[in-house]
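Below are the chains, spelled out letter by letter.
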Amino acid sequence: PSEGFSSLPASAANSARGWDTDCVFAALSSPLTRYRIMAYVTGVVLVILVCVAMPLKYLGDDDRMVAVVGTLHGWLYLFYVLATANLAYVRRWSLGRSLLVVVAGTIPFVVFFVEHRIVAETDATGPTQPGPGRQEESPEPQRPSVSETP
């Protein structure tokens with residue numbers, strides 16, 4: 001009898017299923033990736049709320065979808081704000097810029113344009129810079145210079 005994947009170690013079972021969990025978790029460890037995921041998910045749910053649920057409520061006298069999708073958007077928006085705050089901290093954004101990105105999650109379709117611009121800026125400026133209080137790791141340790149004695 002076949003035991004399936006249950007007899008394999010977790011990493012081998014995931015690889016056999018076609019999942020590379022190390023790669024997935026490594027990608028999710030990036031503040032930019034977390035922000036992008038939350039921007040897309042929050043934006044899509046907001047568009048559904050505004051373009052589908054709200055017309056059903058006001059034109060069809062059915063507020064059930066607004067109750068479900070509105071609540072979902074509220075919870076997702078909370079995680080969007082946290083992901084934005086984390087990215088703002090790591091990228092050393094000003095408070096004003098951070099607030100503008102947070103507000104973008106409340107306006108239908110705007111979050112997609114803002115996310116695209118942030119990714120384009122990140123691609124242009126290179127990898128994420130360390131946040132306040134953190135030091136960049138230098139590739140080679142600095143050696144003290146030896147001065148000649150008189």
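Residues numbered from 1 in each chain as written. Predicted model: local features only at pLDDT ≥ 70, side-chain atom pairs only at ≥ 80, totals over all residues. Heavy atoms only, no water.

1. Brief notes about the nonpolar core
Defined as follows: Buried Ala, Val, Leu, Ile, Met, Phe, Trp, Tyr and Cys residues form a nonpolar core when they are joined through side-chain atoms within 4.5 Å. Classification of residues uses two cut-offs on accessible area relative to the type maximum, computed with a 1.4 Å probe and protein chains only: under 20% is buried, over 50% is exposed, and between them is partly exposed. A run of H or I in DSSP becomes a helix once it reaches four residues, and a run of E becomes a strand once it reaches two; helices and strands are each numbered from the N terminus.
By size, the foremost hydrophobic cluster in this structure holds 24 residues, and its most contacted members are Tyr35, Tyr80, Val101 and Ile118. Elements that contribute at least two residues to this core include exactly helix H3 (31-60), helix H4 (64-91), helix H5 (95-104) and helix H6 (110-125).

2. Focus on the layout of surface pockets
This is how it is decided: A 1.4 Å probe that fits but cannot get out identifies a cavity on a 1 Å grid over protein atoms alone, an open set with protein on both sides within 12 Å along at least five of seven lines counts as a pocket, and a residue lines either if it has an atom within 4 Å of a point. Grid points are joined across faces, edges and corners, and a volume is the space filled by probe spheres set on the points. By the convention adopted, Pro, Cys, Tyr, Trp, Phe, Met, Ile, Leu, Val and Ala count as nonpolar, Lys, Arg, Asp and Glu as charged, and the other residues, Gly among them, as polar.
If you add up the space inside the largest pocket, you get close to 190 Å³. Lining the largest pocket are Arg97, Leu100, Val101, Ala104, Val114, Arg117, Ile118 and Glu121. When residues of the lining of the largest pocket are traced back to their parent elements, those giving at least two are H5 and H6. Class assignment for the residues of the lining of the largest pocket results in 5 nonpolar, no polar and 3 charged.

3. Observations concerning the packing of H3 against H6
Our working definition: Helix axes use the C-alpha atoms of the stretch in contact, all axes being lines fitted to C-alpha atoms, and the angles between their N-to-C directions lie in the range 0 to 180 degrees. In this scheme, roughly parallel covers angles under 35 degrees and roughly antiparallel covers those over 145, while 65 to 115 is roughly perpendicular and the rest are oblique. When the near helix sits turned anticlockwise from the far one by under a right angle, the crossing is termed left-handed; a clockwise turn instead gives a right-handed crossing. Two residues qualify as a contact provided that any one of their heavy atoms is within 4.5 Å of a heavy atom in the partner residue.
The interhelical angle for the contact between H3 and H6, taken along N-to-C directions, is 165°, at an axis separation of 9 Å. Our classification of the angle between H3 and H6 gives roughly antiparallel. Remark: the crossing between H3 and H6 carries left-handed chirality. Along its contact with H3, which presents Leu32, Tyr35, Arg36, Ala39, Tyr40, Gly43, Val44 and Val47, the element H6 presents Val111, Phe112, Val114, Glu115, Ile118, Val119 and Thr122. Split into classes, the residues belonging to the contact of H3 with H6 amount to 11 nonpolar, 2 polar and 2 charged.

4. Concerning unusual backbone geometry
The backbone of Arg92 sits at a positive phi, close to 60°, despite the residue not being glycine. As for its placement among the helices and strands, Arg92 is situated in the loop between H4 and H5. Of note, Phe109 is a non-glycine position whose phi angle comes to about 75°, a positive value. In this fold, Phe109 is placed in the loop between H5 and H6.

5. Some points on the pattern of salt bridges
Condition: Every case where a carboxyl oxygen of Asp or Glu lies within 4 Å of a side-chain nitrogen of Lys or Arg is listed as a salt bridge.
All told, the structure shown has 4 salt bridges when counted by the stated rule. In this structure, Glu115 and Arg36 form a salt bridge, with 2.5 Å as the shortest nitrogen-oxygen distance. Here the residue Glu115 occupies a position in helix H6, and Arg36 occupies one in helix H3, the gap between them amounting to 79 residues. Judged by relative accessible area, which is 2%, Glu115 ranks as buried. The partly exposed category is assigned to Arg36, whose relative accessible area is 32%.

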